[in-house]
Protein chains: 2
Amino acid sequence: MTPQRRAIVDCLAATRVHPTADEVFADVNSRFPMTSRATVYNTLNLLLDAHLVNIVEEAGLKRFDPNIEPHHHFICSICGMVEDIESPEKDQLTLLNVGNHVVESMQITVRGKCAACINRGIRADG
Amino acid sequence: MTPQRRAIVDCLAATRVHPTADEVFADVNSRFPMTSRATVYNTLNLLLDAHLVNIVEEAGLKRFDPNIEPHHHFICSICGMVEDIESPEKDQLTLLNVGNHVVESMQITVRGKCAACINRGIRADG
DNA sequence: ATCCAATTTTAGATGTATTCTAAAGGCATG
DNA sequence: CATGCCTTTAGAATACATCTAAAATTGGAT
Ligand SMILES: [Mn+2]
Ligand SMILES: [Mn+2]
Ligand SMILES: [Zn+2]
Ligand SMILES: [Zn+2]
């Protein structure tokens, strides 16, 4: 556990915004200016392999999610924001068979417009 | 509607495999050898803007889905195959509010191992 | 403390998917 | 035929991610 790795882990633990690798890099770099992108990617991939973080893909970006409890996401179609859903919906899902495939997990993605974007839009109109 | 565009639309209409842009390019190019990648990407993005196709992102790839009816997907964690779910699960989902956000759609992603990959694995073992 | 092997970090090169650009081509209209 | 508009094309440019090889750091053994 090096300072760089600690900074990366801390960055993930402190956020709920599902940052991209580049956002993690920017954050870590502000505290450890010499940290390279490669270290950030290496460490994130180590965390992935160890199942300590998950990935949420959206708009061509891989966003990293330190919340490894099964949960669902809301994604804003305007600003791209990804937010955890403290899921009552989870209980709606029975893990059932799909064809002859072996099902391991099920996840809901909810799309729409986030409150911030709606407010921005209303102000822009008025 | 040019021959290239028709070929791209036909390619999408004929498949259920959620091809990538490059897979569409390969298919179209086999019939119209001079078609460029730019035309494929341009046309796919036009179709997206017109809401005639959707995107399914997986493993860093954008896969194109001509099925614009709301539906769900099974994704194989081994081969990456994306398959529509003729959804009884759809009815499990009530389109409910998430925070102060405006919900527009909800989609289930089921992950696991596909039948083909399971068979391949069993043969490899035996 | 010194040496050494193993691991980690770094800068930059490389890879891969996608988008952009500028010129050429097609097609309809006057 | 000349004009304008849209499409296509090839290749350059961009963006995100991964790989490489050398330097730096670590921890254990002497
Ligand atoms: Mn999450
Ligand atoms: Mn589909
Ligand atoms: Zn938003
Ligand atoms: Zn499979």
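The structure displayed is predicted, hence computed values, not measured ones.

Reading guide: rules and limits
- The residue numbers shown here count from 1 along each chain, following its written sequence.
- Numbering of ligands from 1 and lettering of chains from A proceed in the order in which they are written.
- Per-residue local features of the predicted model are confined to residues with pLDDT of at least 70, and side-chain atom pairs are confined, for both listing and counting, to 80 or more; whole-chain, interface and lining totals are unaffected and use all residues.
- Only hydrogens and water are removed before side-chain values are computed, so all heavy atoms of the structure are retained for them.
- Helix numbers and strand numbers start at the N terminus; a helix is a DSSP run of H or I with at least 4 residues, a strand a run of E with at least 2.
- Think of it in three bands: residues with accessible area under 20% of the maximum for their type are buried, residues over 50% are exposed, and the middle band is partly exposed, with areas taken using a 1.4 Å probe on protein chains only.
- Here a residue-residue contact requires only that any non-hydrogen atoms of the pair lie within 4.5 Å.
- Counting of polar contacts relies on pairs of N or O atoms within 3.5 Å, with two restrictions inside protein: one atom must be capable of donating a hydrogen and the other of accepting it, and residues adjacent in sequence are counted only when both atoms are side-chain atoms.
- Whether a residue is near a molecule or strand is decided by its heavy atoms; if any one of them lies within 4 Å of it, the residue is near.
- In this classification, Asp, Glu, Lys and Arg are treated as charged, Ala, Val, Leu, Ile, Met, Phe, Trp, Tyr, Cys and Pro as nonpolar, and every other residue, Gly included, as polar.
- Two strands qualify as a pair provided that DSSP identifies no fewer than 2 bridges between them.
- In this analysis a donor is any N, O or S atom within 2.8 Å of a metal ion (3.2 Å for sodium, potassium and calcium), and since water is not included, sites may seem incomplete.
- Least squares is used to superpose the copies, and the fit set is the C-alpha atoms of residues whose pLDDT is at least 70 in both copies.
- Expected span of a helix: the number of residues minus one, times 1.5 Å.
- By definition, the arc is the one covered by directions from the helix axis to the C-beta atoms.
- Here an angle of 0 to 180 degrees is reported between the N-to-C directions of two axes, which are lines fitted to C-alpha atoms, with helices fitted over the stretch in contact.

> Any chance you could explain the environment of B:H18 here in plain terms?
Residues and elements named next belong to chain B. The topology assignment puts H18 in the loop between helix 1 (3-14) and helix 2 (21-31). H18 sits in the buried class, given a relative accessible area of 2%. In this structure, the C-alpha to C-alpha distance between H18 and A116, residues 98 residues apart in sequence, is 17 Å. When residues no more than four places from it in sequence are discounted, the contact partners of H18 are E23, V56, R63, F64, D65, H71, H73, V82, E83 and D84. Within the structure, H18 has its side chain in polar contact with the side chain of D65 (distance 3.2 Å).

> Just checking my understanding: could you explain the protein's contact with DNA strand D for this structure?
Looking at DNA strand D, there are 13 residues lining it, with A:Y41, B:T2, B:M34, B:S36 and B:T39 nearest. Of what DNA strand D places within 4 Å of the protein, 82% of the atoms are sugar or phosphate. Between DNA strand D and B:T35 there is a distance of 3.5 Å, counted from a phosphate oxygen to a backbone nitrogen or oxygen. Here a phosphate oxygen of DNA strand D and a side-chain polar atom of B:T39 are 2.9 Å apart. Secondary structure elements with two or more residues in the surface near DNA strand D: helix 3 (37-49) and strand 2 (61-65) of chain A together with helix 1 and helix 3 (37-49) of chain B. With 3 residues, helix 3 of chain A is the single largest residue contributor to the surface near DNA strand D. Class assignment of the residues belonging to the surface near DNA strand D gives a composition of 5 nonpolar, 6 polar and 2 charged.

> It is not clear to me how the pairing of strand 4 (residues 82-85) of chain A should be interpreted in this structure. Could you clarify?
Along any regular strand the residues' side chains alternate between the sheet's two faces. With 4 bridges joining them, strand 3 (residues 72-76) of chain A and strand 4 of chain A adopt antiparallel strand pairing. Considered in strand 4 of chain A, the bridge of A:F74 is made with A:E83.

> Whenever I open this one, the coordination of the manganese ion (ligand 1) confuses me. Can you help?
The expected angle between donors at a tetrahedral four-coordinate metal is 109.5 degrees. At an octahedral six-coordinate metal it is 90 or 180 degrees. Residues and elements named next belong to chain A. At 1.9 to 2.3 Å from the manganese ion (ligand 1) lie its protein donor atoms, namely H18 (NE2), D65 (OD), H71 (NE2), H73 (NE2) and D84 (OD). Sequence positions of the residues that donate to the manganese ion (ligand 1) give the spacing H-x46-D-x5-H-x1-H-x10-D. On the criterion of sequence distance, the pair formed by H73 in strand 3 and D84 in strand 4 is long-range, its members being 11 residues apart. Judged by relative accessible area, H73 falls into the buried class, the value being 3%.

> Please explain the relation of the copies chain B and chain A as it appears in this structure.
Here two copies of a chain appear, and what relates them is a rotation about an axis with a shift along it. When chain B is fitted to chain A, the best match, at an RMSD of 0.1 Å, comes from turning it 179° and sliding it 0.0 Å along the axis. Taken together, the turn and the small shift mark the pair as related by a two-fold rotation axis. Closest approach to the rotation axis among the C-alpha atoms of chain B is made by B:I108, whose C-alpha sits 2.2 Å away. A shared interface surface links the copies, since 100% of the contact residues of chain B are contact residues in chain A too.

> Would you explain helix 1 of chain B in this entry?
Since one α-helical turn is 3.6 residues long, residues separated by three or four positions face the same way. Residues and elements named next belong to chain B. With 12 residues, helix 1 should cover 16 Å at 1.5 Å per step; its first-to-last C-alpha distance of 16 Å lies within 8% of that length. Within helix 1, the full set of buried residues consists of A7, I8, C11 and L12. Considered in projection along helix 1, the buried side chains sweep an arc of 130° and stay on one side of the axis. Exposed residues pointing more than 90 degrees away from the buried face of helix 1 are listed as A13 and A14.

> Hey, could you run me through the sheet that holds strand 5 (residues 102-113) of chain A in this one?
Strand pairing within a sheet occurs via backbone hydrogen bonds; the two strands may be parallel or antiparallel. Read from one edge of the open sheet, 6 strands run 4(A)-3(A)-5(A)-5(B)-3(B)-4(B), paired in mixed fashion. Strand pairing shows two members of the sheet lacking a second neighbour, strand 4 of chain A together with strand 4 (82-85) of chain B, which therefore form its edges. Within this sheet the neighbouring strands show an average axis-to-axis angle of 30°, counted without direction. Relative to strand 5 (residues 102-113) of chain B, strand 3 (residues 72-76) of chain B is paired through 4 bridges, and the arrangement is parallel. Bridge pairing in strand 5 of chain B links B:C76 to B:G112.

> Would you mind going over the coordination of the manganese ion (ligand 2) with me for this structure?
Of the protein atoms, only B:H18 (NE2), B:D65 (OD), B:H71 (NE2), B:H73 (NE2) and B:D84 (OD) coordinate the manganese ion (ligand 2), at distances of 2.0 to 2.3 Å. Mapped onto the sequence, the donors of the manganese ion (ligand 2) take the spacing H-x46-D-x5-H-x1-H-x10-D.

> Is there a simple way to think about the protein's contact with DNA strand C in this case?
Near DNA strand C there are 15 residues, and of these A:T2, A:Q4, A:R5, A:T39 and B:Y41 occur at the shortest range. Of everything in DNA strand C that lies within 4 Å of the protein, sugar and phosphate atoms constitute 75%. A:Q4 places a polar side-chain atom, nitrogen or oxygen, 3.1 Å from a sugar or linking oxygen of DNA strand C. In this structure, a phosphate oxygen belonging to DNA strand C sits 2.8 Å away from a side-chain N or O atom of A:T39. Only helix 1 (3-14) and helix 3 of chain A together with helix 3 and strand 2 (61-65) of chain B provide two or more residues apiece to the surface near DNA strand C. When its residues are assigned to classes, the surface near DNA strand C shows 6 nonpolar, 7 polar and 2 charged.

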